[in-house]
Protein chains: 2
Amino acid sequence: MSEPLAPGSVIGILGGGQLGRMLSVAAARLGYKAHIFEPGAAPAGDVAARVTTAGYDDVDALRAFAESVDVITYEFENIPTAALDTLEAIRPIRPGREALRVSQDRLTEKEFLRGLGLETAPFAPVASEEEMAEAVAKIGAPSILKTRRLGYDGKGQARLASAEDAPVAWAAMEGAEAVLEGFVNFSLEVSVIAARGLTGEVVCFDLGENVHKSGILATTTVPAKIPPRLSTDAALMAGKILNALDYVGVMGVELFVTPGALIVNEIAPRVHNSGHWTQNGCAVDQFEQHIRAVAGWPLGDGKRHSDVEMENLIGDDIDRVPQIAREPHAAVHLYGKAEARSGRKMGHVNRVKPATR
Amino acid sequence: MSEPLAPGSVIGILGGGQLGRMLSVAAARLGYKAHIFEPGAAPAGDVAARVTTAGYDDVDALRAFAESVDVITYEFENIPTAALDTLEAIRPIRPGREALRVSQDRLTEKEFLRGLGLETAPFAPVASEEEMAEAVAKIGAPSILKTRRLGYDGKGQARLASAEDAPVAWAAMEGAEAVLEGFVNFSLEVSVIAARGLTGEVVCFDLGENVHKSGILATTTVPAKIPPRLSTDAALMAGKILNALDYVGVMGVELFVTPGALIVNEIAPRVHNSGHWTQNGCAVDQFEQHIRAVAGWPLGDGKRHSDVEMENLIGDDIDRVPQIAREPHAAVHLYGKAEARSGRKMGHVNRVKPATR
C-alpha cells in the first residue's frame, strides 16, 4: 500500500479502554471511523462509530469485525494468538505479528533486544524451582521475578530483597513461567515514543522523564533532564528496534539512564501512557501519529511546541479534578470510566508550560 | 445548579455537523457522553455515544431525546421555536432561549446590540418593496440586503452596488423579511470567542483576525494585529453581551475594526469557526470551554500557549491534505464528510507557531 487509506475508511481497534478511546478520536480527526472490539466495558465506545462486544474466542464476531474494517490495530499487546490468526487472514494488522510475538513474552523481548546489541537488565529464565535457584545464583538480589506473559502495572511481579525470598517469589507465580531480572542502578527512567510509517520513516517524540509510584506510572515530564547526546542515543536505539521489527505504528520504549549506558527496560507495541503529554505538547500527538502510520500517512514531526508535565489520575485522584480544572494551564483528560477503583487509571492531566530549548 | 454535572452524565447536542462533532469529543474528554440529535447525515455520530436521526418536527423523538440527556446544547442557532419549547419543558437548554431569540433574527440582534450601547453597521428593516426604497434612501449604497432569518456563509444575501440594484435585491429575498446593512469601512475583522460560566464568570480567548473569501471564513490568525487597548475593549463588549443575555456557554462575536470604533458585525450563540485555532493554541479549547460552561465547570483561561493560523479546508481544498500533512507544525482536523461539495467545510488546519507576546 503506497496510497493512504481512503477518507471514510474504518480502522478496527482491538481494546476499548482509554488508549482505544484516544486512538478513536485521532482516527476521526483524520477523517476515519473507528470500530472497537472489546469483550468488556468500553469507554472507547463513547467516541467510536461502532463497538463490537465479544470475547477474543468468538471466531464469528472476530470475522465479522475484520470484514467490517479496512485495517486492524490494537491498544494492548496481550491479544490471544488464535484471535490474531483469525483476524490476519482477513485484514492487515498493524503493528505486525512479530512485534506482538516479541513483546508478549518478557524473555523473548529481552533476548530480542540483546540480539540487537542493546543493553537490558541482567535476566535469567525461571520455569521451575530448580531454575529459580540457578537464576538467583546468577542474578542475585535484590531482584524482581516477573511472569513472562500478561503482567502490567506491577501485576504478576514479586520482589526478592534477598536470596531467601526466592521460594515465596516463585510460589507467587503460581506455576507461570517467569524471568528473574536484576535491579538496575539508574538515575532516571525515560520514555521514547517512537513511530515508524508504512514507508519506513522513523520519528521520535521528545524524550519524557517518568516517575512511577507503586509500579504504576505517576508522571511524565518533558523535556527529560538528560544531555542531548543521550537523547540522540535513545532515538537511535528506538529506531533500531522499530526497523528490526519492520514496525508500523507507535511504540513506547522505556529506558533506564545509568552512568554507563542507556538500558532498555521494556517495549510496548502501542501508544503508551508516557506519551500522553503529546496531546498538549505537539501539533500531532502520539494517537494521531499511530493512526497516521497505520493509515499510511506521512508522520508528524515529534518536536514539542510546549513543555508538559503529565500526571496520571489514579483511583481517588479523580476527586481532585475540580481543583485541577481551576489551574490556568491544565488540560484534563478523563476516560469516562464508571467506577474509581484503587489503582485504576481514571484520567490524566497535562500541565502546559512555555517550551525550554 | 452549583455542582458540576456528575461524571458519566449525558450532554444532548442539537446538530450533528463538525461543531457538534468537536463538542462531542470535548464532552468525552471531560468524562461525559454525547447524544446527538440530527435530522440528516451526522459526522458527529462517529464520535458520539448515541445519535437520534429525526426531524425537529418529530415531537416524540424530541421528547425521548430530552429525557435521555441531562442538559441540552446546540451547534447552530436556527432551531425551530416549537422544538425548543418541547425540549425546554423537559431539560435545561444552554445557552438559553433569549440568546437564540436574539440571534435568530438579524434585526432583533442589531436592535439588541444598539440597546446595549454597542455600535453596529447602519441598518434598516425591509419587509416590502416600499420599505426597500425607504431603506436605500436611508442607508445608501454600496450596501447589502440580508434575510432576517436563516442566512449563513453568504447565503440569503444580495449586494447593492448602487441604488438601482434595489428591486433585484429585494426580489432575491423571495418575500422574506430582510435587513439592509450599510457597508462598514473596516481595516480588519476580528473575533472574540467569549465564554460565560454557570456562575457568571466571563473569559475571552485571545483575539483572532479573520479573512473571508466569497462570504466564507478562510483563515483566522492569532494574535490579531490590533493594539492591546482594542483587545480589552473587544473583551468588554463581549462581556456586556453575555451578561445581558445571562448567557451560559461559548459565543462567537465578530467585530469590525474601524478607525473610530469597534463595530459588532454579528454574534453566534455557539462555538464558532473562528475559534477552531484554540484546539492547538490553548490548554482548554473553545469546545471544551463550551462543555465546561454548560456542565457547570470552572472555565479554562483563554490565554494561548502558541500562535496559530487556522485555515479552513473548503470543497476541493481537501485534496491538499496530503501536502499539508507533511508540514512539520500543521495540525489537521477533518470532519468525516462523505462528499467534497464546492463551498462545503471539509476540515481545517491549525498551523502552530511559538507564541509572540
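Nothing here was measured: the structure is a model prediction, and the numbers come from that model.

A. Just the sheet that holds strand β6 (residues 123-126) of chain B, in detail. All names here are of chain B. Strand order across the open sheet formed by 4 strands is β6-β9-β7-β8, with antiparallel pairing between neighbours. The sheet is open, and its two borders are formed by β6 and β8 (157-160), each paired with just one other strand. The average undirected angle you get between the axes of adjacent strands in this sheet is 20°. On the sheet, helix α5 (residues 106-115) packs against β6, β7 (143-147), β8 and β9 (178-182) and is oriented at approximately 145° with respect to β6. Against the sheet, helix α6 (residues 129-139) touches β6, β7, β8 and β9, its axis set at about 175° to β6.

B. Region of interest: the interface of chain B and chain A. Across the contact, 35 residues belong to chain B and 35 residues belong to chain A. Contact with chain A buries area across many residues of chain B, yet B:R29, B:D46 and B:A283 alone supply 18% of it, more than any other trio. Our count for the contact surface shared by chain B and chain A stands at 2 salt bridges. At the boundary of chain B with chain A, the tally comes to 10 residue pairs in polar contact (both at pLDDT 80 or more). If you list the elements that add at least two residues to the side of chain B that touches chain A, you get α1 (18-29), α10 (286-294), α11 (321-324) and β17 (330-334) of chain B. Tallied by class, residues from the side of chain B that touches chain A come to 19 nonpolar, 8 polar and 8 charged.

C. Geometry of the relation of the copies chain B and chain A. Rotating chain B by 180° and moving it 0.0 Å along the rotation axis overlays it on chain A with an RMSD of 0.0 Å. Such a turn and shift between the copies fits a two-fold axis. If distances are taken from each C-alpha of chain B to the rotation axis, the shortest is found for B:V47, at 1.9 Å. Interface overlap between copies is the fraction of interface residues in one copy that are interface residues in the other; for chain B against chain A it reaches 100%, indicating a shared surface.

D. Structural detail: the pairing of strand β16 (residues 306-314) of chain A. All names here are of chain A. Counting buried positions along β16 gives 8 out of 9 residues, so the element sits mostly inside the fold. Across 4 bridges, strand β13 (residues 216-222) lies against β16 in antiparallel orientation. Paired with V222 across the strands is V308, a residue of β16. Pairing analysis gives 9 bridges linking β16 to strand β18 (residues 345-354), with the strands arranged antiparallel.

E. Inspection of the packing of helix α2 (residues 59-68) of chain A against helix α3 (residues 81-88) of chain A at higher detail. All names here are of chain A. Here α2 crosses α3 at 40°, and the two axes come no closer than 9 Å. Here α2 lies oblique to α3, going by the angle between them. Considering how the two elements wind past one another, α2 and α3 form a crossing that is right-handed. Listed contacts from α3 to V59, L62, R63, F65 and A66 of α2 are A83, T86 and L87. Looking at the contact of α2 with α3, its residues break down into 6 nonpolar, 1 polar and 1 charged.

F. Representation of the environment of B:I79. You can see B:I79 is positioned in the loop between β4 (71-74) and α3 (81-88). In the structure, B:I79 is positioned 141 residues away from B:T220 in sequence and 27 Å away in space, judged by C-alpha atoms.

G. Fine view of the packing of helix α1 (residues 18-29) of chain A against helix α10 (residues 286-294) of chain A. Residues and elements named next belong to chain A. As a packed pair, α1 and α10 sit with axes 8 Å apart at the nearest point and diverge in direction by 65°. Viewed along their axes, α1 and α10 form a crossing whose handedness is right-handed. On α10, the residues touching L19, M22, L23, A26, A27 and R29 of α1 are F287, E288, H290 and I291.

H. Structural detail: the confidence of the model for chain A. Looking at chain A as a whole, its pLDDT mean stands at 95, while 98% of the residues score no less than 70. In the predicted complex, the global pTM is 0.96; the interface-specific ipTM is 0.94.

I. Seen up close, the packing of aromatic side chains. One pass over the full model with this rule turns up 10 aromatic pairs over all chains. Centre to centre, the rings of B:F186 and B:F256 are 4.2 Å apart; their planes meet at 15°, and the pair counts as stacked. Placement of B:F186 in the loop between β9 and β10 (188-196) and of B:F256 in strand β14 (residues 249-257) is noted, with a sequence separation of 70 residues between them. Taking the relative accessible area as the measure of exposure, B:F186 reaches 37% and is therefore partly exposed. A connected cluster of aromatic rings, assembled from ring pairs, spans A:F37, A:Y56, A:F65 and A:F76.

J. Region of the structure containing helix α8 (residues 228-244) of chain B. Residue and element names in this part refer to chain B. Helix length check: α8, at 17 residues, gives a terminal C-alpha distance of 25 Å against a target of 24 Å (1.5 Å per residue), a fit within 8%. Along α8, the residues classified as buried are L230, A234, M237, A238, G239, I241 and L242. Next to the buried residues of α8 lie α5, β10, β11 (202-204), β14 and β15 (262-268). Within two residues after α8, D246 carries a phi angle of roughly 45°, on the positive side.

K. Spotlight on the pairing of strand β7 (residues 143-147) of chain A. Residue and element names in this part refer to chain A. Judged by how many residues are buried, β7 sits mostly within the fold: 5 of 5 residues are covered. Across 4 bridges, the pairing between β7 and strand β8 (residues 157-160) is antiparallel. Looking at the pairing, K146 lines up with Q157 of β8. Strand direction decides the pairing type here: β7 and strand β9 (residues 178-182), joined by 5 bridges, are antiparallel. Following the sheet pairing, L145 is matched in β9 by L180.

Rules used throughout
- Residues numbered from 1 in each chain as written.
- Chains lettered and ligands numbered in written order.
- Predicted model: local features only at pLDDT ≥ 70, side-chain atom pairs only at ≥ 80, totals over all residues.
- Heavy atoms only, no water.
- Pairing = 2+ DSSP bridges.
- Helix = DSSP H or I, 4+ residues; strand = E, 2+ residues; numbered from the N terminus.
- Axes fitted to C-alpha atoms, helices over the stretch in contact; angles between N-to-C directions.
- Contact = heavy atoms within 4.5 Å.
- Buried area = accessible area lost by both parts, 1.4 Å probe.
- Salt bridge = Lys/Arg side-chain N within 4 Å of Asp/Glu carboxyl O.
- Polar contact = N/O pair within 3.5 Å; in protein donor to acceptor, adjacent residues only side chain to side chain.
- Nonpolar A, V, L, I, M, F, W, Y, C, P; charged D, E, K, R; others polar.
- Least-squares fit on C-alpha atoms with pLDDT ≥ 70 in both.
- Buried < 20%, exposed > 50% of the residue type's maximum accessible area, 1.4 Å probe, protein only.
- Parallel < 35°, antiparallel > 145°, perpendicular 65-115°, else oblique.
- Left-handed = near helix turned anticlockwise from the far one by under 90°.
- pLDDT = per-residue confidence, 0-100.
- Phe/Tyr/Trp six-rings, centres within 6.5 Å; stacked < 30°, edge-to-face > 60°.
- Expected span 1.5 Å × (residues − 1).

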